[in-house]
Amino acid sequence: MIKKIFVTGCGGMVGSSLYSCLREKGYNAKFTDKDVNESWLEFLDVRQFDEVKKQILAFKPDAIIHLAALTSLEYAEKNLEDAWNTNYLATKNIAEISKELDIPMVYISTAGIFDGKSQEYNEESLPNPINVYGRTKLYGDLAVRHILKKYFIIRPGWMFGGGKKDKKFVSYMMTQIKEGKKELNVVNDKFGTPTYTYDLVRNIDALLRTDKYGTYDAVCLGKTNRIEIAKAILEIIKRPDIKIKEVDSNFFKKDFFVPRAESECLINSNLNKINLNLMRPWKEAIKHYLENDWK
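Anyway, here's the lowdown on the structure attached to this text. What you are looking at is a predicted structure, and each value in this text was computed from that prediction instead of being measured.

### Remarks on a nonpolar patch on the surface
Alright, step 1. A surface patch of nonpolar side chains, amounting to about 260 Å² of accessible area, comprises Trp84, Leu89 and Tyr139.
Alright, step 2. Tracing the backbone through its elements, the reader meets Tyr139 in helix α5 (residues 132–147).

Quick look at the structure:
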């Protein structure tokens, strides 16, 4: 039985939800990040392999949840070495430690390992990343599979959640609304499946209570696009006065110059196979988030 969990990269939006979940479930957990932005975090830079190994061995965990990653596509494209060291080498090193301790490792992968040429993907689909971020995350994915037998590779989609830590699309829309914007520019040429961090971490907890090791897509139910998400937000918060202006991705090309897949839609095939899919429909999840967690 898993009682002690070591967590890397816990200072972001997924980490915020994971901290609450693990505390609620009664685990003895050590939460680390290189950005110590909470009182419950301890400093750890996953690129410093000797220090990573020292802290993990000292804590003697029953499992490792590896959240740490460099997630900015634009930064990764300009800083290949840092992206490689953070997303691949650090992951490989932590997998080696997990093997040495004979404990399971949870690795957060991404829908960004696919090229977007298919309408949807599952765990058996062939990856073909189109940017540095996707390639470095895929190498992390492959390292975990190659080194370990006890692993859970989790592939989320368009993330939202984590309250004040949320810097993704839903929070971006809400922040503009809060600032008084009456018209929102929203891209109409990208499709995906959202992932609510609140549900994601509870699915991770459920998997850790099993020996069903493997790769799992973990997204909200239902394919969608940014336009539909924006409309749902306005409906939930009852703001019919705000207009949505449809634009294509080139509208934001100055700030978001890295190519992104046209479709990042995932299907939770493996969670469904083991009857452990805890992810809710995306509209229901966004409603819960806006009414309970968003700040």
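### Digging into unusual backbone geometry
Alright, step 1. Despite not being glycine, Lys60 shows a phi value in the positive range, around 55°.
Alright, step 2. With respect to the element layout, Lys60 can be found in the loop between α2 (49–59) and β4 (63–66).
Alright, step 3. Exposure remark for Lys60: the relative accessible area of 61% places this residue in the exposed category.
Alright, step 4. Of note in this structure, Asp102 is not a glycine but carries a positive phi near 55°.
Alright, step 5. Along the chain, Asp102 turns up in the loop between α4 (80–101) and β5 (105–108).

### So, the nonpolar core
Alright, step 1. In this structure, Ile5, Val7, Leu22, Phe31, Ile65, Ile154 and Leu208 are the most contacted members of the largest nonpolar core, which totals 34 residues.
Alright, step 2. Of all elements in the fold, only β1 (4–8), α1 (13–25), β2 (28–33), β4, β5, β6 (151–155) and α7 (197–208) reach the threshold of two or more residues within this core.
Alright, step 3. Ignoring any residue separated from it by four or fewer positions in sequence, one finds Phe31 in contact with Val7, Cys10, Tyr19, Leu22, Trp40, Leu41 and Glu42.
Alright, step 4. Among the nonpolar cores identified, the runner-up in size contains 25 residues, and Trp158, Ile233, Trp282 and Leu290 belong to it.

### Observations regarding the sheet that holds strand β14 (residues 263–264)
Alright, step 1. Pairing in this open sheet of 3 strands is mixed, and the strands run β12-β9-β14 from one edge to the other. Lying at the two open borders of the sheet, with one neighbouring strand each, are β12 (224–225) and β14.
Alright, step 2. In this sheet, β12 lies alongside strand β9 (residues 191–192) in antiparallel orientation, the contact comprising 2 bridges. From the neighbouring strand, Gly192 faces β12, where its bridge partner is Thr224.

About the cut-offs
- Residues numbered from 1 in each chain as written.
- Predicted model: local features only at pLDDT ≥ 70, side-chain atom pairs only at ≥ 80, totals over all residues.
- Heavy atoms only, no water.
- Patch = residues over 30% accessible without salt bridge, like charges linked within 9 Å, V, L, I, M, F, W, Y side chains within 5 Å.
- Areas by Shrake-Rupley, 256 points an atom, 1.4 Å probe, with all protein chains shown as cover.
- Salt bridge = Lys/Arg side-chain N within 4 Å of Asp/Glu carboxyl O.
- Helix = DSSP H or I, 4+ residues; strand = E, 2+ residues; numbered from the N terminus.
- Buried < 20%, exposed > 50% of the residue type's maximum accessible area, 1.4 Å probe, protein only.
- Core = buried A, V, L, I, M, F, W, Y, C linked by side-chain atoms within 4.5 Å.
- Contact = heavy atoms within 4.5 Å.
- Pairing = 2+ DSSP bridges.

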